[in-house]
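# Results of the structural survey
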Amino acid sequence: MDQALDIERCDLESRINNTTHHTDQNGIDRLIVRRGLPFTITLHLRSGSQFEAGVSTFRLIVEIGPLPKEQSGTKSTFSLTDSALKTAWSVSTNSPPGNVVSLSVSSPPDVPIGLYSLTLDQGQKVKLGEFVLLFNPWCAKDAVYMEEERDRQEYVLSQAGLIYKGTTKRIKASPWTFGQFEPGMLDICLKLLDENPKYSSDADADCSGRRNPVYVTRVISAMINSNDDKGVLVGNWSGDYDDGVRPSHWTDSVAILHQWADNCCQRVRYGQCWVFAAVACTVSRALGIPCRVVTNFGSAHDTNSNLLIEFLYDEDGNDISDDSVWNFHVWVDNWMARPDLDAGYDGWQASDPTPQEKSEGVFCCGPVPLKAIKEGELNLKYDAPFVFAEVNADVVEYVKLTNGRMVKMGGSSIDVGHFISTKAVGSDERHDITHLYKHPEGSLQEREVFERAKHHHELQQKGEEPGLKVKIKVSPDMDIGADFDVFAVVTNNTEADKTCRVMFYARIVSYDGKPGANCGFIEDLTMEVPTGKEKRLPLRLEYVDYGDTITSDRLIQLVLIVIESSPREFHKAKRTIVLENPDIAIKLLGEPRVNQKLSAQISLQNPLPEPLQNCFFSVIGASLTDGKLLIQKYTNSAGTLDLFNISLIAFLATSQQIISKYGSTVVVGMIVNSLQGHISFSHWKILEVLSYSPPVNYALCPRHCILPSHDLPVLSILPAVLELWVQNKRPSTQWNSHLLAPGPGP
């Protein structure tokens with residue numbers, strides 16, 4: 001029988017582990033490790049308790065967040081294994097028998113980061129302690145892995161840096177202390193994650209999301225500013241800073257983050273772009289995400305997302321623009337893989353915590369791959385159009401005349417995005433990274449990228465996608481018996497003119513998908529579609545073509561095939577349409593009353609361009625047609641209106657309905673015993689009527705329906721064709737309380 005280990009104490013070996021995991025700058029008084037790399041803990045057993053491999057059994061439990069769950073990855077339970085696992089939490093040991101047990105605990109490289117509890121379970125649970133798990137740029141399987149040690153030293157471990165400000169003519173470096181390893185900083189950064197609104201709404205989902213540096217970076221971007229939440233900094237560009245600190249007076253992140261945390265997450269006044277970016281860099285590096293501060297000189301702020309900076313002046317020369325170009329603007333780049341995007345977009349990602357425009361309803365921006373910005377791929381997450389405009393927008397200038405007319409007076413394609421700068425790795429030199437954000441200003445490549453990006457963004461704004469798009473549109477009135485058009489629509493959302501072959505056809509189809517005969521086609525037609533244009537090709541569907549083969553389902557399937565000539569690509573669209581039945585009208589003649597005859601007039605306009613033969617109406621309604629099916633046969637001429645009357649009696653004042661069904665058959669060539677070769681259609685509607693009972697005393701009718709002694713609406717038939725709803729309007733509770741005794745019924 002297994003004997004439980006009697007644990008005297010657990011040593012989390014913080015000194016050794018923190019040094020091995022490059023977290024010792026946080027201190028060695030508690031365990032701080034990085035994911036994907038094993039760490040060691042030591043169990044010291046009380047005298048008389050012995051560990052023996054293969055005999056002693058237990059499980060470890062790691063949990064993060066207030067409501068940890070196995071299915072969300074915020075809780076994991078695991079037993080001893082012979083060696084470390086790469087894709088799941090695991091624990092192994094090489095300890096000999098004795099009362100000291102050294103355990104090697106391994107975490108997967110993609111689990112959530114944050115504060116974990118560690119528990120030993122051997123039927124009775126013993127909490128061994130807590131540890132902090134961070135992203136790991138030293139682990140090749142981690143999404144934040146950086147290959148070069150000198151880069152990791154600069155972008156993860158360095159606590160000081162330079163931020164560039166000024167103008168394109170005079171760039172000046174200002175020192176900044178990030179201080180991510182200063183006392184209390186890591187706890188404050190973890191608290192910042194816990195204060196974000198997503199944690200408040202669903203703590204477990206938020207903690208689970210912290211496995212992904214993309215998710216964490218967006219949370220940081222939103223929480224550094226305080227526009228939507230209990231974020232850190234208030235932005236102020238007014239020049240009035242009397243109730244706070246002038247942004248230019250800040251020189252380190254530590255004082256800002258301490259002030260925020262020590263005052264119950266009250267907003268810190270004030271910050272501007274370089275302050276927002278520097279604090280974001282501190283939080284990112286503290287959590288293990290490689291980060292650098294970046295300055296863009298001549299930085300555009302595009303408020304209407306059209307990739308143009310539109311300067312607008314009145315006739316007196318006053319600037320009345322919403323758009324602007326800042327002398328400089330500062331944000332951060334974070335290093336990470338992007339498995340949520342196509343291959344090729346890993347690496348540096350731009351993220352901007354300065355509150356300028358909302359992203360998915362929140363003031364944050366990014367992360368977006370620098371490669372996507374450089375190549376104008378504006379459909380990629382997150383906020384690519386805004387960042388692209390910051391470094392590559394064109395400038396246009398207008399004068400607004402007093403009569404409202406706009407007159408263009410100038411512009412430039414080279415004013416935005418210059419000397420994009422960050423501190424060099426391992427030195428205090430300025431490193432120009434403009435080439436990572438854009439092609440050389442004014443080059444053919446740069447212009448091609450801008451035009452492509454503008455084109456794609458305009459499509460995105462309209463909810464369209466790049467490429468050749470095909471779809472089928474139909475006419476509003478597609479009635480049985482009518483001739484009508486359907487349309488093949490080809491839209492060229494590429495940057496080149498297209499030559500295409502078009503095949504467009506229609507065929508009868510039944511409700512179970514079985515195809516029937518063709519009833520219209522266009523084959524091998526050549527279509528020229530200019531870039532940015534839409535072409536429509538009509539296909540006329542005529543009754544003489546579909547009338548012989550249409551089934552009672554009234555379904556026609558449309559198929560469009562478009563073949564591009566270069567490159568040779570195939571596009572297909574398919575749509576099934578239902579032809580409308582004719583309206584059948586019903587009109588009551590006289591006032592309906594219980595147990596009295598009711599006449600109704602039913603009419604139909606023949607929709608077909610030929611006579612209807614072997615036609616009949618059928619009418620039935622519970623307690624209205626005495627349980628009988630009423631049938632009216634007749635022959636109808638092409639396009640004529642037919643009228644006939646039916647007689648009904650409302651036997652009860654309870655909820656009833658009348659159902660009338662019309663069917664018609666047009667014989668084509670010969671009569672066959674199937675739907676193939678003729679048309680059959682039916683229609684159902686409801687008509688509104690009020691029915692009054694004749695005057696009676698309070699009494700129970702023979703079928704126990706309570707009726708009042710004066711005229712009261714008891715039948716309600718709602719508007720439609722061939723269906724009547726009769727609803728009882730029962731006496732009120734007050735009337736029921738005065739019910740005397742059974743008497744003569746209606």
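As the structure is a computational prediction, the values presented were derived from the model and not from experiment.

### Side note on the overall build of the chain
A tally of regular secondary structure across the chain gives 14 helices and 41 strands. Within the chain, residue pairs in contact and separated by at least 24 positions form 64% of the contacts whose partners lie at least 6 positions apart. For the chain, the computed accessible surface area is about 34600 Å², with 49% contributed by carbon and sulfur atoms.

### Describing the sheet that holds strand β23 (residues 467-474)
Note: strands within a sheet are paired through backbone hydrogen bonds, in either parallel or antiparallel orientation. Reading across from one edge, β23-β24-β27 is the order of the 3 strands in this open sheet, with antiparallel pairing throughout. Two strands in the sheet have a free side with no partner beyond their single neighbour: β23 and β27 (534-541). In this sheet, adjacent strand axes meet at a mean angle of 15 degrees when their direction is disregarded.

### Thoughts on the UniProt feature "binding site: Ca(2+)" (unreviewed entry) in the chain
Residues annotated by UniProt as "binding site: Ca(2+)" (unreviewed entry) correspond here to N392, D394, E441 and E446. Taken along the chain, the residues just named run across 55 residues; in space they keep tight, none of their C-alpha pairs more than 11.6 Å apart. By the secondary structure assignment, N392 is in helix α10 (residues 384-392). Each residue touching N392, except ones within four places of it in the same chain, is listed here: V416, K438, E441, E446 and F450. Looking at where E441 falls in the secondary structure, it is placed in the loop between α11 (434-437) and α12 (444-461).

### What about the packing of aromatic side chains?
The full count for this structure, using the stated rule, is 16 aromatic pairs. Their ring planes at 50 degrees and their centres at 6.4 Å tell us that F297 and F328 sit as a pair that is tilted. In this pair, F297 sits in strand β14 (residues 291-301) while F328 sits in strand β16 (residues 324-336), placing the two residues 31 residues apart along the sequence. Note on F297: relative accessible area 0%, which makes it buried. For the pair Y543 and Y546, a centre-to-centre distance of 5.6 Å together with 90 degrees between the ring planes defines the contact as edge-to-face. Here Y543 and its partner Y546 are both found in helix α13 (residues 543-546), 3 residues apart, which amounts to about one turn of the helix. For the pair shown, Y543 and Y546 are each scored as buried. Taken together, F39, F78, W89, Y116 and F131 form an aromatic cluster joined through their ring pairs. Directly above the aromatic system of Y345 lies the positively charged group of K371, at a separation of 5.3 Å from the ring centroid. Sitting over the face of the ring of F487, R536 holds its NZ or CZ atom 5.8 Å from the ring centroid.

### Digging into a negative patch on the surface
On the surface, D483, E542, D545 and D548 cluster together into a negatively charged patch. Looking at the element boundaries, D545 is found in helix α13. Relative accessible area serves as the criterion here: at 39%, D545 is assigned to the partly exposed category.

### Some remarks on the sheet that holds strand β4 (residues 59-64)
Across the sheet, which stays open at both edges, the 5 strands sit in the order β2-β9-β8-β4-β5 with mixed pairing between neighbours. This sheet does not close on itself; its edge strands, each paired only once, are β2 (31-34) and β5 (75-79). Averaged over neighbouring strand pairs, the angle between their axes works out to 30 degrees when direction is ignored. Pairing of β2 with strand β9 (residues 125-134), which is carried by 4 bridges, proceeds in the parallel orientation. Residue pairing for β9: I32 is matched across the bridge by V132.

### Brief notes about the nonpolar core
Grouped together as the largest cluster of nonpolar side chains are 56 residues, with contacts concentrated most on W176, I224, L233, I256 and L287. When residues of this core are traced back to their parent elements, those giving at least two are β9, β10 (160-166), α3 (185-194), α6 (213-224), α7 (253-262), α8 (273-287), β14 and β16. Non-local contacts of L287, meaning those with residues more than four positions away in its chain, are made with I113, L134, F135, L186, C189, L190, L193, V216 and I220. Counting 40 residues, the second-largest nonpolar core is a separate cluster that includes C500, I508, L598 and A600.

### Some words on α6
Compared with the 16 Å implied by 1.5 Å per residue over 12 residues, the 16 Å span of α6 between its first and last C-alpha is a close match. Of all 12 residues making up α6, 12 are buried, and the element is well covered by its neighbours.

### Structural notes on empty space enclosed by the protein
Taken as a whole and judged by the stated rule, the model has 2 cavities of 30 Å³ or more. Along the walls of the largest cavity sit E154, Y155, A160, G161, L162, F178, R285, R292, V293, T422 and K423, which together make up its complete lining. Listed by contribution, the elements that provide at least two residues to the lining of the largest cavity are α2 (149-157), β10, β14 and β21 (418-423). Per element, the largest residue contribution to the lining of the largest cavity is 3 residues, and it comes from β10. Reported here for the second largest cavity is a volume of approximately 30 Å³. Listing elements by their share of the lining of the second largest cavity, those giving two or more residues are α6, α8 and β16. Looking at the lining of the second largest cavity element by element, the count peaks at 3 residues for α6.

### Description of the packing of α3 against α7
Two elements in contact, α3 and α7, have axes separated by 10 Å at closest approach and are oriented at 60 degrees. One element, α3, and the other, α7, form an angle in the oblique class. In this structure, α3 crosses over α7, and the sense of that crossing is left-handed. Touching M185, I188, K191 and L192 of α3 are V254, L257, H258, W260 and A261, all from α7. For the contact of α3 with α7, the class distribution of residues is 7 nonpolar, 1 polar and 1 charged.

Procedures and definitions
Residues numbered from 1 in each chain as written. Predicted model: local features only at pLDDT ≥ 70, side-chain atom pairs only at ≥ 80, totals over all residues. Heavy atoms only, no water. Helix = DSSP H or I, 4+ residues; strand = E, 2+ residues; numbered from the N terminus. Contact = heavy atoms within 4.5 Å. Areas by Shrake-Rupley, 256 points an atom, 1.4 Å probe, with all protein chains shown as cover. Pairing = 2+ DSSP bridges. Axes fitted to C-alpha atoms, helices over the stretch in contact; angles between N-to-C directions. UniProt positions renumbered as here; feature names shortened; annotations may be inferred. Phe/Tyr/Trp six-rings, centres within 6.5 Å; stacked < 30°, edge-to-face > 60°. Buried < 20%, exposed > 50% of the residue type's maximum accessible area, 1.4 Å probe, protein only. Lys NZ or Arg CZ within 6 Å of the ring centre and 35° of its normal. Patch = residues over 30% accessible without salt bridge, like charges linked within 9 Å, V, L, I, M, F, W, Y side chains within 5 Å. Salt bridge = Lys/Arg side-chain N within 4 Å of Asp/Glu carboxyl O. Lys, Arg positive; Asp, Glu negative; His and termini not counted. Charge placed at Lys NZ, Arg CZ, Asp CG, Glu CD. Core = buried A, V, L, I, M, F, W, Y, C linked by side-chain atoms within 4.5 Å. Expected span 1.5 Å × (residues − 1). 1 Å grid on protein atoms, 1.4 Å probe; cavity = no way out; pocket = protein on both sides within 12 Å on 5 of 7 lines; lining within 4 Å. Points joined across faces, edges and corners; volume = space filled by probe spheres on them. Parallel < 35°, antiparallel > 145°, perpendicular 65-115°, else oblique. Left-handed = near helix turned anticlockwise from the far one by under 90°. Nonpolar A, V, L, I, M, F, W, Y, C, P; charged D, E, K, R; others polar.

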